[in-house]
Amino acid sequence: MDLLDFARGPAINVAMAVMVFGVLWRLFAILFLGKAPDRTVPRMGTPGPLGAALREIARRMVPHPTFAFAERFSFFNGWVFHVGLAVVVFGFRPHVLFIKNLTGLSWPTLPSGVVYVVGAITLVSLAAALVRRLTNPVQRFISGLDDYFSWVVTILPVITGLVAVGHVGARYETLLAIHILSIAVLLIWLPFGKLFHAFLVFVSRGTTGAFLARRGV
Amino acid sequence: MNADLCHTGPAASLADAVFAELAHALSRLAATGEEMVVDLRSLPFGPTDLAALSERLGTGEVTCTLEVAGRSEVRETGFAGIWWVRHLGDGDEVAGEEVHVTRIPEILSSHPDDVAFAARRIADAVTASPQEGPTAADEEDISRG
Amino acid sequence: MADQKTLGERLAEHGVSRRAFVKYASWLGSLMALPPATSRAMAAELAKAKRQSVIWLSFQECTGCTEAITRSKGPTLEDLIFDFISLDYHHTLQAVSGEAIEEARHAAMKENKGKYVVIVDGSVPMKDGGIYSTTAGHSNYDTLMETVKDAFAVISVGTCAAFGGIPKANPNPTGAVSIGDLVKDKPVINIPGCPPIPEAMTGTVAYLLSFGKVPELDHLGRPKAFFGENIHDRCYRRPFYERGQFARGFDDEGARNGWCLYEVGCKGPTTYNACATMKWNGGVSFPIQSGHGCLGCSEPDFWDKGGFYVPLSASIGPTAKLVGGAALAGAVAGVAAAAVARHRKSSLNKG
Ligand code: HEM
Ligand code: HEM
Ligand code: SF4
Ligand code: SF4
């Protein structure tokens, strides 16, 4: 078994299993935790919990006007690399074929050239996010190892993907194997660190919205 | 040689670049006798490039067809000393295409060892009785070539 | 049997002049991307060379490789190789049989000690004392080791000899191994493929014969001149790959338009061979040109890489089972964790 077989076989399979296990474990543990019954009376005229949750989710898609100027970089850059990641992961034929092989789901994709360009933009945007994190005193102060590690495992698949298609430095099979291994690391880390925000952002923002709405905030 | 080709820049077509290179090579042949071969198959040449180069080089006085392990064609171009050599393989597929800058392509001249062998054969023929001529077996051998 | 005549003398006897070497060398030199001066030297060396004694051993194989190398239509350029070598032992092509053929092998080995080339097609079974394939009462392993002892070099022709090939495919019932796994003290040149491109086989033999040395090899022991390039990088369908135009089946619109075959399982991106440049049958076509994806036949274990019609990027192995199991376990673990937390909370509240 060569490196590519290892990456494409045991490595990615185990990584996916760990990811699914971790995600369901953490999600279920939170969702079934239950909440202490709220004995307060909801404010008059407030929306129901579902509506409030959705409203909060939508509201937080853009920064509060007060902070709009201060946050303009984080806001814009955050959107760039998240959309970039989504385009690269779900818009590239080989990626979709990977998903199709597992789930049977398939959808139209973009020309590979477009994906390479978006990948490069994503790369720059992620790099900018790190620069910002290091140069902004407040952000730097609140950043821990988890933040940096999460950043590394996010940017690695983008770097290795681009390096593989560009044939930079080594044989294609080796580069591809490294790409897949970097994805394995990302998948394994996903449920256990801050990247779990991918699953929790809407849960937490919705919950907050529902909670605050009841209070009429 | 490929490195030299790059100097002509992207504006010139590959055929033009090879043509310029051949011009250099021909002046070297004239001055010093130095020979050169360009393997056209090793260049990213399309059929149009080939045709363009062939046309610019033109046709000279000599055109030969060889029957040696399949057919080969050797043509002197419009520039003395530049030869177009084309080897055909199985099913008349082009097996090799080269431009030689030389006074005579190697494949046209008789190899010294072949000459020596032929000299022995002809000597035998002289001593043998004159009416016999080539035998049937000889003809078979020759047609195989 | 090898004799003392040079190749030039032999051809001359057949009425073929030494021009044949010039032509052969320029053809081969072009295929192998040798500098023109080297091709010239090759022509001179070939004319002076003696016929190369070749012992061809066939082990666990299908004879496809021999078929490929001997597919000849007439005395042409590509067949000159058969004038350059003396095939002193070959099961399929030899007229004699029985004891005589084994004697021929021993005689060739003795006469050309240290100079003969051993070509092998097929893999060697090692399980149960190697009983799964024998010739003249000897296991393939014994025959191989005896024969390569005094060889100059060994050429593993075909993926079976080079990497184990189909006999080694899961579950490898005979314990098949490649020649390179067994022969460690001689140069082993791998010419994989199922079958290999004939020019890659004959070209390598001619190179050995002319220069008396092994051509430059890659990390899998393959001559770089023939296996240095990736099919995908030289594929004429590549623009469709970049544009995202993929055939979804073998008779859909994409297939008819000649789009990229990645989605129907093409292994071109991870396969190194000369198919896309040299092509087959003297340059007529190659599998992708005929509308079928590359199987990756010149790569180790190509038979066990997840399926010929499964896209390259698919994971291999029991992914669904593993992930399904993990999902179940994760859900159970999550619910249990929540239950424990609830229990603790309610007992705290009570207490
Ligand atoms: C629907 C899914 C997702 C949502 C709504 C989401 C939302 C967010 C938000 C609100 C932030 C903070 C933005 C900021 O600092 O400006 C963030 C940061 C981040 N997200 Fe996501 N995210 C999602 C999925 C993902 C995924 C799948 C990944 C990686 C695979 C990812 C990687 C990151 C990283 C690395 C950061 C930190 C960037 C930094 O260093 O500043 N996100 N995400
Ligand atoms: C610009 C960025 C990227 C490029 C150019 C890229 C390129 C590629 C290529 C060419 C393959 C093909 C594999 C093959 O032919 O076998 C591949 C596979 C894959 N990539 Fe990416 N990739 C990029 C980013 C990512 C990211 C960010 C992820 C996930 C977070 C990802 C996940 C995968 C997966 C799961 C596979 C399938 C693994 C396999 O081949 O078996 N890629 N990628
Ligand atoms: S490599 Fe293929 S063609 Fe050659 S012997 Fe093995 S199975 Fe037959
Ligand atoms: S057909 Fe195969 S080798 Fe050709 S471009 Fe598509 S994937 Fe690459």
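We now turn to the structure provided with this report. Keep in mind that what you see is a predicted model, and the values were worked out from it rather than measured.

1. Description of the coordination of the iron atom of ligand 2
All names here are of chain A. The protein atoms that coordinate the iron atom of ligand 2 are His95 (NE2) and His179 (NE2), at distances of 2.0 Å. Given 6 donor atoms and angles of 84 to 179° at the metal, the environment of the iron atom of ligand 2 is assigned as octahedral. Of the two residues, His95 sits in helix H4 (residues 93-103) while His179 sits in helix H8 (residues 172-189), which places them 84 residues apart along the sequence.

2. Some points on the coordination of the iron atom of ligand 1
Each donor-metal-donor angle in an ideal tetrahedron of four donors is 109.5 degrees, and each such angle in an ideal octahedron of six donors is either 90 or 180 degrees. Residue and element names in this part refer to chain A. Ligation of the iron atom of ligand 1 by protein atoms is provided by His82 (NE2) and His197 (NE2), these donors lying 1.9 Å from the ion. Between the 6 donor atoms coordinating the iron atom of ligand 1, the angles at the centre fall across 88 to 178°, so the site counts as octahedral. One end of the pair, His82, is in helix H3 (residues 72-91); the other, His197, is in helix H9 (residues 197-214), with 115 residues separating them in the sequence.

3. Structural notes on the packing of H3(A) against H4(A)
Residues and elements named next belong to chain A. The N-to-C vectors of H3 and H4 enclose an angle of 65°; their axes lie 6 Å apart at closest approach. Considering the angle they form, H3 stands roughly perpendicular to H4. Contacts between H3 and H4 involve Val88, Val89, Phe90 and Gly91 from the first element and Arg93, His95, Val96 and Ile99 from the second. Taken together, the residues of the contact of H3 with H4 sort by class into 5 nonpolar, 2 polar and 1 charged.

4. Examining the packing of aromatic side chains
By the definition in use, this model includes 19 aromatic pairs over all chains. Here Tyr241(C) and Phe246(C) contribute two aromatic rings whose centre-to-centre distance is 5.9 Å and whose plane-to-plane angle is 85°, an arrangement assigned as edge-to-face. Three or more aromatic residues joined by ring pairs make a cluster, and in this case those are Phe21(C), Tyr24(C), Trp27(C) and Phe84(C). The residue whose ring lies beneath Arg56(B) is Phe19(B), and the NZ or CZ to ring-centre distance is 4.0 Å. One Lys or Arg, Arg105(C), reaches over the ring of Tyr89(C) and ends 5.4 Å from the middle of that ring.

5. Looking at the interface of chain C and chain B
On the side of chain B, 29 residues touch chain C, which itself brings 26 residues to the contact. With both chains or domains summed, chain C and chain B bury close to 2600 Å², and 52% of this area falls on carbon and sulfur atoms. Three residues stand out in chain C for area buried against chain B, namely Arg18(C), Arg19(C) and Lys23(C), and they jointly supply 26% of the buried area on that side. The interface formed by chain C and chain B holds 4 salt bridges in total. Residue Asp113(B) pairs with Arg18(C) through a salt bridge whose shortest N-O separation is 3.6 Å. Mapped onto the side of chain C that touches chain B, the elements with two or more residues apiece are helix H1 (7-13), helix H2 (19-31) and helix H3 (36-48) of chain C. Residue contributions to the side of chain C that touches chain B peak at 7 residues, all from H2(C). Taken together, the residues of the side of chain C that touches chain B break down into 10 nonpolar, 7 polar and 9 charged.

6. Some points on the site of ligand 3
Residue and element names in this part refer to chain C. Around ligand 3 sit Glu61, Cys62, Gly64, Cys65, Gly158, Thr159, Cys160, Ile166, Gly193 and Cys194, and that is every residue in its neighbourhood. At 3 residues, helix H8 (residues 158-163) tops the list of elements feeding residues into the shell around ligand 3. Grouping the constituent residues of the shell around ligand 3 by class yields 5 nonpolar, 4 polar and 1 charged.

What counts, and where the lines are drawn
Residues numbered from 1 in each chain as written. Chains lettered and ligands numbered in written order. Predicted model: local features only at pLDDT ≥ 70, side-chain atom pairs only at ≥ 80, totals over all residues. Heavy atoms only, no water. Donors = N, O, S within 2.8 Å, 3.2 Å for Na, K, Ca; no water. Tetrahedral: all angles 85-135°; square planar, octahedral: opposite > 155°, others 65-115°. Helix = DSSP H or I, 4+ residues; strand = E, 2+ residues; numbered from the N terminus. Axes fitted to C-alpha atoms, helices over the stretch in contact; angles between N-to-C directions. Parallel < 35°, antiparallel > 145°, perpendicular 65-115°, else oblique. Contact = heavy atoms within 4.5 Å. Nonpolar A, V, L, I, M, F, W, Y, C, P; charged D, E, K, R; others polar. Phe/Tyr/Trp six-rings, centres within 6.5 Å; stacked < 30°, edge-to-face > 60°. Lys NZ or Arg CZ within 6 Å of the ring centre and 35° of its normal. Buried area = accessible area lost by both parts, 1.4 Å probe. Salt bridge = Lys/Arg side-chain N within 4 Å of Asp/Glu carboxyl O. Near = heavy atom within 4 Å.

Read these as layout, nothing more, since geometry by itself doesn't imply function.
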